Amino acid sequence: KLSQKMSQGLVDNARELGFPGSESGAQYFDTSEEKMRNIKRQLDSKNDREKLDGLKRLIAMISKGRDVSEFFPDVVKNVVSQNIEIRKLVYIFLLRYAEQEPDLALLSINSFQKDLSDKNQIIRAMALRVMSGIRVPVISPIVLLGIKKCITDPSPYVRKTAAHAIPKCYSLDDSQKEALIEVIATLLKDRSNIVIGSTIMAFNEVCPNRFDLIHPCYRKLCSMLGDCDEWGQMSILGVLLRYGRNQFLNPNPHGEDASRMPPKQSVNINNKSFYSDSDSDSDHDQIQADDIVELDVDHELLLKSCVPLLQSRNSGVVLAVAKLYYYLAPAVEAEKIAKPLVRLLRTHREQCYVVLTNIATMALKRPYLFESSLQQFFAQSSEPVFIRDTKLDILTTIATEQYVKSPNKDFVAATIQAIARCASTVPTAADKCLRLLMKLLRSKNELVVAESVLVLTRLLQVPSEERSRSVIALVKLLDTLKVPMARANILWLVGQYAETLPKVGPDVLRQAVKNFANEDHVTKLQILTLSAKLICLNATHPTLNSLNQYLLNLARYDTDYDVRDRARFLRALTIPSQEEKPGLNQLKEHLKTILLSNKEPAVIESEVQAASEYNIGSLSLLAHQPLPGYEPLPDFPQEQPDASVRD
């Protein structure tokens, strides 16, 4: 019997220590019904080893996504166990289900409070985590007392847990805000780099605009940036950015940050060479006085403290530093962020898309930042469409390289639109872009031709004799082009050039009337408009009047109500009537102004341009709309705030 007990004990010890052959961890993932039925018996057992076995099996089930909340009452009873390992597993279970079963978790609130004084720092931290996870507003004062107790704990891990509990307590009962702000002010004085990041996260949740709490610890935050964990660094950088916009003057007073040209100014350096000649230096300073930017000492400290983080392995940290430099640094200093951002493109495609979207937004105002990395934005056939489109947006901002031979139709359309954006944003390249678009009209791909027509219509909508040949080339496509929107655009363009090309318009109208019944409703609307424009310019021409009358009669019985409405409206304006209608006569007097008014030059924007008003690095920038929690950055102050508050 003694030998049997010894062998059994050795087997149990081997199983517990995870030696080979002892079925170390795999046994706990056995989800058979027999094993699950034994869990309740094991949790009620007086043997600690059996309790551990049952709890480990429950944790294994949780890791597989299985709902084991039915065992919550049996697990809660073991929270008073003297075995440290059992209590750790109990707290892990309670952390998972405390929010779902708040009433049962309340039964053990006294045990949680008692464990806040446990010798083991992990037990103390877990007790506070479970307390703050019970979503019952009644216990918010108890949770607040627990937080106040833990912020003075000698273990930085427990103090960090207390910082994480602050937002939970605030969401549970916002009437505790003032008390929680005092707790945050105390934690901000903590010298542990483990605690400070979590404290700043709590600051962002509870009182994001209380910069008076940041004043005393501003320089400490700058010095501790490199030692904090990556997620803490991102939170601290976000707070320091908002703080800098609130406390420092604009480092680009002459609008250098909004100029598309590289800046030429220099940043003032306060230190002077030991052997420098004071007179010569003063003369040099007077010469370049207008080009020097005076930065506050604390402003310079922040910028210098952020530079090492550009080498971080975490893309979120690099993007946060880039955001800070983009909004808070002199334009000449912002060039440091280009290469680190380009380095992030060699990662997963989802992260690559986020970085590219932010680069595209930066390049809209400062294209010179990424000119040296132009080749990194060339689209590749193996890349997903959303990445290629974003790269194309960047290329249209900083270069003129295009792709129109892709098998992807959406990408082809985006490429042709990018050529048009180059023509509108770089006037000196407009003629070259027009010639390139006219060459694309010879393509055998109907989609390429149709998209080129749409884009050319926007660029040619302001009539001029120099561009009349391009309009005639587009008119010749009406015989072969089948895309309704492209045909409609050509007809509208002919109407705009009716005075410049007086012989082209009537012939186009004659050809269009023949096939009016078979055209799409979009094209029919433009045929009616073209006819009205020609009548406006040649009111007494008998052939045009006959064509117009015939066309209006066809449209009168069309199946599309938009076409019928347009015909009814234009009939009243173009065909004389014997009845006197004062309002109608006034419209006829201004008919030419209504139909042939000059249009503003086309502004062809991409999705990135439409969303450029949102902050760099924000989710709203990716979603192209303001999301809950989004706040724009404050403007720089007009006068320098008191810097002594940071002493």
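Residues numbered from 1 in each chain as written. Predicted model: local features only at pLDDT ≥ 70, side-chain atom pairs only at ≥ 80, totals over all residues. Heavy atoms only, no water.

Draft legend 1. Expanded view of the side chain of Thr-199. Secondary-structure assignment places Thr-199 in helix H12 (residues 193–206). A relative accessible area of 0% means that Thr-199 is categorised as buried. Excluding anything up to four places from it in sequence, Thr-199 contacts Ala-163, Ile-184, Leu-187 and Leu-188. (Helix = DSSP H or I, 4+ residues; strand = E, 2+ residues; numbered from the N terminus. Buried < 20%, exposed > 50% of the residue type's maximum accessible area, 1.4 Å probe, protein only. Contact = heavy atoms within 4.5 Å.)

Draft legend 2. Structural detail: the packing of aromatic side chains. A complete count under the given rule lists seven aromatic pairs for this structure. Aromatic pair Tyr-218 and Tyr-243: ring centres 5.0 Å apart, planes at 25 degrees, arrangement stacked. Taken together, the positions of Tyr-218 in helix H13 (residues 218–224) and Tyr-243 in helix H14 (residues 230–247) put the pair 25 residues apart, joining distant regions of the chain. Taken individually, Tyr-218 and Tyr-243 each receive the classification buried, so the pair is uniform in this respect. Each residue in the set Phe-211, Tyr-218, Tyr-243 and Phe-248 is aromatic and connected to the rest through ring pairs, giving one cluster. The ring of Phe-516 is capped by Lys-524, whose NZ or CZ atom sits 5.6 Å from the centre of that ring. (Phe/Tyr/Trp six-rings, centres within 6.5 Å; stacked < 30°, edge-to-face > 60°. Lys NZ or Arg CZ within 6 Å of the ring centre and 35° of its normal.)

Draft legend 3. Structural detail: the packing of helix H27 (residues 521–537) against helix H28 (residues 542–556). Closest axis-to-axis distance for the H27/H28 pair is 10 Å, and the angle between their directions is 150 degrees. In terms of orientation, H27 and H28 fall into the roughly antiparallel class. Where H27 crosses over H28, the handedness of that crossing is left-handed. Along its contact with H27, which presents Ile-527, Leu-528, Ser-531, Leu-534 and Ile-535, the element H28 presents Leu-544, Asn-545, Asn-548, Leu-551, Leu-552 and Ala-555. Residues of the contact of H27 with H28, tallied by class, amount to eight nonpolar, three polar and no charged. (Axes fitted to C-alpha atoms, helices over the stretch in contact; angles between N-to-C directions. Parallel < 35°, antiparallel > 145°, perpendicular 65-115°, else oblique. Left-handed = near helix turned anticlockwise from the far one by under 90°. Nonpolar A, V, L, I, M, F, W, Y, C, P; charged D, E, K, R; others polar.)

Draft legend 4. Local environment of the environment of Leu-459. Checked against the element boundaries, Leu-459 lands in helix H23 (residues 446–459). Assessed through its relative accessible area of 14%, Leu-459 is described here as buried. Along the chain, Leu-459 and Leu-434 lie 25 residues apart, while their C-alpha atoms are 8.2 Å from each other.

Draft legend 5. Highlighting the state of the cysteines. Overall, the coordinates contain zero disulfides when judged by the stated rule. The thiol of Cys-222 is not disulfide-bonded; the next cysteine sulfur, from Cys-306, is found 7.1 Å away. The class for Cys-222 is buried, based on a relative accessible area of 3%. (Disulfide = S-S within 2.5 Å.)

Draft legend 6. The arrangement of H12 in detail. Over its 14 residues, H12 extends 21 Å from the first C-alpha to the last, a length consistent with the 20 Å expected when each residue adds 1.5 Å. Summarising the contacts, the buried residues of H12 are in contact with helix H10 (156–172), helix H11 (177–187), H13 and H14. (Expected span 1.5 Å × (residues − 1).)

Draft legend 7. Looking closely at the environment of Ser-108. Inspection of the secondary structure assignment puts Ser-108 in the loop between helix H6 (102–106) and helix H7 (109–115). Contact partners of Ser-108, with chain neighbours within four places excluded, come to Val-76 and Val-79.

Draft legend 8. Up close: the pattern of salt bridges. Per the stated rule, a full pass over the model turns up 21 salt bridges. Of the charged contacts in the structure, one is a salt bridge between Arg-57 and Asp-53, with a shortest N-O distance of 3.6 Å. You can see Arg-57 and its partner Asp-53 sitting in helix H3 (residues 48–63), four residues apart, about one turn around the helix. The pair Arg-57 / Asp-53 is uniform in exposure class, with both members buried. Counted as one network, the salt bridges with shared partners bring together Arg-219, Asp-296, Asp-298 and Arg-646. (Salt bridge = Lys/Arg side-chain N within 4 Å of Asp/Glu carboxyl O.)

Draft legend 9. Inspection of helix H29 (residues 561–574) at higher detail. With 14 residues, H29 ought to run about 20 Å at 1.5 Å a step, and its terminal C-alpha atoms sit 20 Å apart, in line with that. Within the sequence span of H29, burial applies to Val-563, Ala-567, Leu-570, Leu-573 and Thr-574. End-on view of H29: buried residues confined to an arc of 125 degrees, all on one side of the axis. Opposite its buried face, H29 presents the exposed residues Tyr-561 and Arg-568, each directed more than 90 degrees away. Against the buried residues of H29 lie H27, H28, helix H30 (582–589) and helix H31 (591–596). A side-chain oxygen of the first residue of H29 lies 2.9 Å from the backbone nitrogen of Asp-562; this N-cap is Asp-560. (Arc of directions from axis to C-beta. Polar contact = N/O pair within 3.5 Å; in protein donor to acceptor, adjacent residues only side chain to side chain.)

Draft legend 10. Representation of the packing of helix H9 (residues 140–150) against H11 within the structure. Between H9 and H11, the shortest axis-to-axis distance is 11 Å and the interhelical angle comes to 15 degrees. By the angle class used here, H9 and H11 are roughly parallel. Pair H9 / H11 crosses with left-handed handedness. On H11, the residues that touch Leu-144, Ile-147 and Lys-148 of H9 are Ala-179, Leu-180 and Val-183. In terms of residue class, the contact of H9 with H11 is built from five nonpolar, no polar and one charged.

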